[in-house]
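Below, each chain spelled out in residue letters.
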Amino acid sequence: MFFETLGAGPHVVFVHGSVVGPASWRPQRALSDRYALVLVTRPGFGADDPPGPVDFERDAALLGELLAPGDHLVGASYGGVVSLLAAAGRDDLRSLTVIEPPAFALVGERADLVELKRHYAEGPREPRAFLTRFLELVGSPLELP
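First, a word on what this report is: a plain description of the structure on this page.

Overall, mixed pairing links the five strands, which are arranged β1-β3-β2-β4-β5 in an open sheet. Edge strands, defined here as strands with exactly one partner in the open sheet, are β1 (2-6) and β5 (95-99). Between one strand axis and the next, the sheet turns through 15° on average, direction left out of account. Relative to strand β3 (residues 36-41), β1 runs antiparallel, the two sharing five bridges. Along β3, the bridge assignment pairs E4 with L39. Helix α2 (residues 78-87) contacts β2 (11-15), β4 (72-76) and β5 of the sheet and is inclined by roughly 145° relative to β4.

At a minimum axis separation of 10 Å, helix α3 (residues 114-122) and helix α4 (residues 127-137) run at an interaxial angle of 170°. Viewed along their axes, α3 and α4 adopt a mutual orientation that is roughly antiparallel. Across the interface between the two elements, E115, L116, H119 and Y120 from α3 touch F130, R133, F134 and L137 from α4. Class assignment of the residues belonging to the contact of α3 with α4 gives a composition of five nonpolar, one polar and two charged.

Criteria and thresholds
- Residues numbered from 1 in each chain as written.
- Predicted model: local features only at pLDDT ≥ 70, side-chain atom pairs only at ≥ 80, totals over all residues.
- Heavy atoms only, no water.
- Pairing = 2+ DSSP bridges.
- Helix = DSSP H or I, 4+ residues; strand = E, 2+ residues; numbered from the N terminus.
- Axes fitted to C-alpha atoms, helices over the stretch in contact; angles between N-to-C directions.
- Contact = heavy atoms within 4.5 Å.
- Parallel < 35°, antiparallel > 145°, perpendicular 65-115°, else oblique.
- Nonpolar A, V, L, I, M, F, W, Y, C, P; charged D, E, K, R; others polar.

If you want it as structure tokens, here you go:
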């Protein structure tokens, strides 16, 4: 797991999701005048790191090694799931914020999530096809270049 630290002050650790990746936190860089921003690059997203399957437990263990008492932890999408797992059982983090974590196991068989859960389990493995359908299912207006 690679990370970059910008600024000084209380640590805010940012963990990106899988759609936008490390670029997710560009707007937050302005906060580096008041905080030490720790921008995590999850395995499979670095320039020299080949993509592979997401492994939440592995990523959470790596993130857990990076976290220090008093850190603020922020995770988006899959990074939110990684953050939840890394924070589980810890009482030394200052705060935990997760944004749209796809924690489907926690919601049971909600009718509005059946198709989305099916897509994760049985959808196309080709990344562009998977992402295109995913964006449709979540109602995103994002158009892929």
